[in-house]
Amino acid sequence: MTTSILTSAPSDTSAFERRESAVRSYSRSWPAVFTSASGSEQVSETGETYLDFFAGAGALNYGHNHPVLQQVAIDYLSSNAVVHSLDMHTPAKREFLEAFERHILAPRGLEHRVLFPGPTGTNAVEAALKTARNATGRRDIVSFTNAFHGMTLGSLAVTGNAAKRAAAGVPLPHSVTAPYDEEGMDAIAWLERVWSDSGSGIDLPAGVIVEPVQGEGGLRAASAEWLRRLAELCQRFDVVLIVDEVQTGCGRTGTFFAFEEAGITPDIICLSKSLSGLGMPMALTLVRPDLDVWEPGEHNGTFRGFAPAFATATAAIETFWSDEQFAASVRAKAELLEEGLKTIAEHAGGSLRGRGLLRGLRFEDATIAGRVAAAAFERGLLVETSGSADEVVKIMPPLNTPDEQLKRGIALLDEAVRAATA
Ligand code: PMP
């Protein structure tokens, strides 16, 4: 196979190095300066084209600058319509709520209320945790090993990553960690045991928070059976089940919500990332009506009503979710990706993880994944690493990536894996 290593001179990155905080990270792995983007490709200042199998960590499920969504944003901004509205009424919010109700909530039998938190995933999680605690009067939240729920202190308390937890600088109390769905571990049996026994030393929690697929923690996917057992257990003990769909939502695994495969109804659902469709910040927390015990203003935030995002979110729902076509095409593309990744895993001695178009290639030698991502970048493919030791290459293309680009990406990844394992 021919290699295709990019060779142009580097861009000027001195302003970033001089002034941007040391906390920057993606830009260190990918030191290009990206200027334009369309669909599944980004172009750098020096004219290199990169195939983007990172998709804004799940914020770009419909690709960069989808023309329909882009036009909606342009029209909205040039119409003098209200851009910022806290939680005041706007036609843009009404249209979003109507479309979300018609195409997402009602067909799935979800009676949930829509709570608009601040515009990021961690805002959706914080609102979920507070809702569960205030509605039950209990304090603890159960989360799972290798979970990722965000960087604010409440979300961080239910996140596993040791370095990120340490960076909090304060204790992260009132969280209990149980093993995620993994061979040889039965968290559900353990939870049932400790919740049934007042002498277990573990209080009955307010809620349990779970990702159907662990996006940042290494791409483990919970089985439908495990999720069903978890949902049944929570229901039996009146513990609030929070499903964090921030990364898995908006079609990533082949259905709008990843939990749909298990046929469960979570009490609370967190959604963000691809909600606006164009990469604009937007988040929401879906709350079972009887848990919506808030007093007006008890939880708030300045940026809960970014109307251009409501407008593009409405267009995204109407464009992609008014019938079954898009979801079916995601599932077909997921099969194509799985086939390609299986072949790579077989020859490279890695194992395949994840579900739908949220996949991982895990290597026993944890240094390989980083080398694969670097070799992929050199060849014009953006893929990141995931897992507590960065031992997994994460593959997350936009859901509408044309098959030809999907195949090209798989071929570039194959080359990168061969180079990294040679
Ligand atoms: N939950 C999950 C499952 C996530 O993957 C992320 C982000 N990677 C978050 C919450 C936090 O989202 P944000 O970075 O927008 O705060």
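What you are looking at is a predicted structure, and each value in this text was computed from that prediction instead of being measured. (Residues numbered from 1 in each chain as written. Predicted model: local features only at pLDDT ≥ 70, side-chain atom pairs only at ≥ 80, totals over all residues. Heavy atoms only, no water.)

## A word on the site of the ligand
Now for step 1: Every residue close to the ligand is listed here: Thr120, Gly121, Thr122, Phe148, His149, Gly150, Glu211, Glu216, Asp244, Val246, Gln247 and Lys273.
Now for step 2: At 2.6 Å, a side-chain N or O of Gln247 approaches an oxygen atom of the ligand.
Now for step 3: Alone, the ligand offers 390 Å² of accessible surface; in the complex the protein occludes 82% of this.
Now for step 4: Counted by class, the shell around the ligand contains two nonpolar, six polar and four charged residues. (Near = heavy atom within 4 Å. Polar contact = N/O pair within 3.5 Å; in protein donor to acceptor, adjacent residues only side chain to side chain. Areas by Shrake-Rupley, 256 points an atom, 1.4 Å probe, with all protein chains shown as cover. Nonpolar A, V, L, I, M, F, W, Y, C, P; charged D, E, K, R; others polar.)

## Remarks on the sheet that holds strand 8 (residues 240–244)
Now for step 1: Reading across from one edge, 4-10-9-8-7-5-6 is the order of the seven strands in this open sheet, with mixed pairing throughout. The outermost strands of the open sheet, each flanked by one partner alone, are strand 4 (113–115) and strand 6 (175–178). The mean inter-strand angle of the sheet, taken between neighbouring strand axes irrespective of direction, is 25 degrees.
Now for step 2: Bridge analysis of strand 7 (residues 207–210) against strand 8 gives four bridges, and the strand direction is parallel. By the bridge assignment for strand 8, Ile209 is matched with Ile242.
Now for step 3: Helix 6 (residues 121–136) contacts strand 4, strand 5 (141–144), strand 7, strand 8, strand 9 (268–271) and strand 10 (284–287) of the sheet and is inclined by roughly 165 degrees relative to strand 9. (Pairing = 2+ DSSP bridges. Helix = DSSP H or I, 4+ residues; strand = E, 2+ residues; numbered from the N terminus. Axes fitted to C-alpha atoms, helices over the stretch in contact; angles between N-to-C directions. Contact = heavy atoms within 4.5 Å.)

## A look at the packing of helix 12 (residues 325–348) against helix 14 (residues 403–421)
Now for step 1: Taken N-terminus to C-terminus, the directions of helix 12 and helix 14 make an angle of 15 degrees; their axes are 10 Å apart at the nearest point. Relative to helix 14, the element helix 12 lies roughly parallel. Between helix 12 and helix 14 lies a crossing of right-handed hand. On helix 14, the residues touching Lys333, Leu336, Leu337, Gly340, Leu341, Ile344, His347 and Ala348 of helix 12 are Asp403, Leu406, Lys407, Ile410, Leu413, Asp414, Val417 and Arg418.
Now for step 2: Tallied by class, residues from the contact of helix 12 with helix 14 come to nine nonpolar, two polar and five charged. (Parallel < 35°, antiparallel > 145°, perpendicular 65-115°, else oblique. Left-handed = near helix turned anticlockwise from the far one by under 90°.)

## So, a negative patch on the surface
Now for step 1: Taken together, the side chains of Glu95, Glu98, Glu101 and Glu318 make up a negatively charged region of the molecular surface.
Now for step 2: Per-element tally for the negative patch: the top contributor is helix 5 (residues 91–105), with three residues.
Now for step 3: Topologically, Glu318 is positioned in helix 11 (residues 307–320). (Patch = residues over 30% accessible without salt bridge, like charges linked within 9 Å, V, L, I, M, F, W, Y side chains within 5 Å. Salt bridge = Lys/Arg side-chain N within 4 Å of Asp/Glu carboxyl O. Lys, Arg positive; Asp, Glu negative; His and termini not counted. Charge placed at Lys NZ, Arg CZ, Asp CG, Glu CD.)

## Some details on the pairing of strand 7
Now for step 1: Side chains Gly207 and Ile209 of strand 7 all project onto a buried face; the interleaved residues Val208 and Val210 project onto the opposite face, where all are buried too.
Now for step 2: For the crossover that starts at strand 7, traverses helix 10 (residues 224–237) and ends in the parallel strand 8, the hand is right-handed. (Buried < 20%, exposed > 50% of the residue type's maximum accessible area, 1.4 Å probe, protein only. Right-handed = clockwise from strand over helix to strand, strands pointing away.)

## Re helix 14
Now for step 1: With 19 residues, helix 14 should reach 27 Å at 1.5 Å per residue; the first-to-last C-alpha distance of 27 Å fits that figure.
Now for step 2: The complete set of buried residues in helix 14 reads Gln405, Leu406, Gly409, Ile410, Leu412, Leu413, Asp414, Glu415, Ala416, Val417 and Ala420. (Expected span 1.5 Å × (residues − 1).)

## Describing the packing of helix 5 against helix 11
Now for step 1: It is the contact of helix 5 with helix 11, at a shortest axis distance of 8 Å, that shows an interaxial angle of 25 degrees. One element, helix 5, and the other, helix 11, form an angle in the roughly parallel class. Here the hand of the crossing between helix 5 and helix 11 comes out left-handed. Here Ala92, Lys93, Glu95, Phe96, Ala99, Phe100, Arg102, His103 and Ile104 of helix 5 come into contact with helix 11, specifically with Ala307, Phe310, Ala313, Thr314, Ile317 and Glu318.

## Digging into the pairing of strand 3 (residues 49–52)
Looking down a regular strand, the side chains alternate between one sheet face and the other.
Now for step 1: In this structure, strand 2 (residues 41–44) lies alongside strand 3, joined through three bridges in antiparallel fashion. The residue of strand 3 that forms the bridge with Gln42 is Tyr50.
Now for step 2: Here strand 2 folds back onto strand 3, and the loop between the two strands holds four residues, one of which, Gly47, carries a positive phi near 90 degrees.

Purely geometric numbers; function is a separate question.
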